[in-house]
Amino acid sequence: MQDKSAAIIAVANEKGGVGKTVTAINLAAALSLKGKTVLVVDMDPQANATRGLGVDLDDLHATAYDMVCQPETVAAGDAVVQTKWKGLDLIPAHVDLAGAEVELVDVVGRENRLKQAMEPLGGVYDIVILDTPPSLSLLTVNVFACAGSVIVPCQTHPYAFDALSELFDTIEAVQGEINPDLRLSGILATMFDRRTRVSHNTLDRLRKDQRTQKFMYHTVIRSNTTIADSAEVGKPVVFYRTTSFGALDYKAFADEFLSGKP
Ligand SMILES: Nc1ncnc2c1ncn2[C@@H]1O[C@H](COP(=O)(O)OP(=O)(O)O)[C@@H](O)[C@H]1O
Ligand SMILES: [Mg+2]
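Everything quoted here is computed from the prediction, not taken from an experiment.

A.B. asks: Describe the site of ligand 1, and please don't skip the residues or the numbers.
C.D. replies: In the vicinity of ligand 1 lie 14 residues, with G17, K20, T21, V22 and N224 positioned nearest. At 2.9 Å from an oxygen atom of ligand 1 is found a side-chain nitrogen or oxygen belonging to T21. Note that a nitrogen atom of ligand 1 is positioned 2.8 Å from one of the backbone N or O atoms of N224. The fraction of the free accessible surface of ligand 1 (560 Å²) that becomes covered by protein chains is 76%. Here the shell around ligand 1 takes three residues from helix α1 (residues 20-33), the largest share from any one element. Broken down by class, the residue content of the shell around ligand 1 amounts to six nonpolar, six polar and two charged.

A.B. asks: Tell me about the side chain of D89, residues and numbers included.
C.D. replies: You can see D89 is positioned in strand β4 (residues 88-91). For D89, the contacting residues outside a window of four places in its chain are V38, L39, V40, V80, V81, Q82, T83 and Y125.

A.B. asks: Break down unusual backbone geometry for me, citing the residues and quoting the values.
C.D. replies: A positive phi angle, close to 60°, is found at A47, a residue other than glycine. With respect to the helices and strands, the residue A47 is situated in the loop between β2 (38-42) and α2 (48-52). Phi at M191 is positive, roughly 55°, even though this residue is not glycine. Mapped onto the secondary structure, M191 falls in strand β7 (residues 183-192).

A.B. asks: Explain helix α12 (residues 245-259) to me, using residue names and the numbers behind them.
C.D. replies: Its 15 residues place the ends of α12 21 Å apart at the C-alpha level, agreeing with the 21 Å of an ideal helix rising 1.5 Å per residue. Of all the positions in α12, only G246, A247, D249, Y250, F253, A254, E256 and F257 are classed as buried. Two residues or fewer past α12, G260 is found with a positive phi of approximately 85°.

A.B. asks: I'd like a rundown of the pattern of salt bridges, residues and numbers included.
C.D. replies: Pairing is possible between side chains that carry opposite charge, provided their charged atoms lie close to one another. Here the structure, examined in full by the defined rule, presents five salt bridges. As a salt-bridge pair, R211 and D209 come within 3.1 Å of each other at their nearest N and O atoms. A relative accessible area of 42% places R211 in the partly exposed class. One salt bridge in this structure joins R222 and D249, with 2.8 Å as the shortest N-O distance.

Parameters and conventions
Residues numbered from 1 in each chain as written. Chains lettered and ligands numbered in written order. Predicted model: local features only at pLDDT ≥ 70, side-chain atom pairs only at ≥ 80, totals over all residues. Heavy atoms only, no water. Near = heavy atom within 4 Å. Polar contact = N/O pair within 3.5 Å; in protein donor to acceptor, adjacent residues only side chain to side chain. Areas by Shrake-Rupley, 256 points an atom, 1.4 Å probe, with all protein chains shown as cover. Helix = DSSP H or I, 4+ residues; strand = E, 2+ residues; numbered from the N terminus. Nonpolar A, V, L, I, M, F, W, Y, C, P; charged D, E, K, R; others polar. Contact = heavy atoms within 4.5 Å. Expected span 1.5 Å × (residues − 1). Buried < 20%, exposed > 50% of the residue type's maximum accessible area, 1.4 Å probe, protein only. Salt bridge = Lys/Arg side-chain N within 4 Å of Asp/Glu carboxyl O.

What is shown is where atoms sit, not what they do.
Below is the structure:
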């Protein structure tokens, strides 16, 4: 990581169910295992990253909503909770985050609220990972305004491939209008099932298509039921079953991510 902005990473894809949240929490977990200090910011009102990190939604005193909508009373630092794991902190989400869209609609500078809120935490963590909702909402735009780079998980499924061009347009629009420094870090193929032809075909296409080719991470996340089991118990798979495919793949991905490739 050369500069501070490069250490704020969005995990985004306008499509739902492609592995954004699983990638956000497991990359964070794998990086913390390597001794990095990591903050996950859950910017999805569905709060799956919050639950996936074992944080009880009934127990929250402040959330991402508060720091974005009430910055006068709640600073980002107030919303940070420690997870059970060393070096891994979270700013949790709650369903009320959906209301931020409506509340901020008439606010000047509405797309920079998260960026401003996060400023006091600059330099506190080695890496900040922002999980996003599955839509191009104001929340996602806030994430793109705040981030230095974007990781795009792409399910190895043909429809998922087709949806990427929309995301590329969005990133370009954000670069043009809001955050010229935003860059696409890479595309991570997820839920790869080696027994199915669609998985192989989609991976081939991602690796050959001129729009995606140079962005593909070498690591491929295999489809692994242990990942779903780990979500149920509120633990990243990296901590839940350390030798499962899911854990091994995300640890390999963390290594590749730190190497700065693709
Ligand atoms: N590699 C994988 N293998 C098996 N199941 C997965 C894998 N990655 C994600 N899942 C499951 O797929 C669902 C969607 O994943 P999630 O990360 O929540 O997607 P998103 O955040 O993009 O909506 C979840 O139930 C999750 O447990
Ligand atoms: Mg999600």
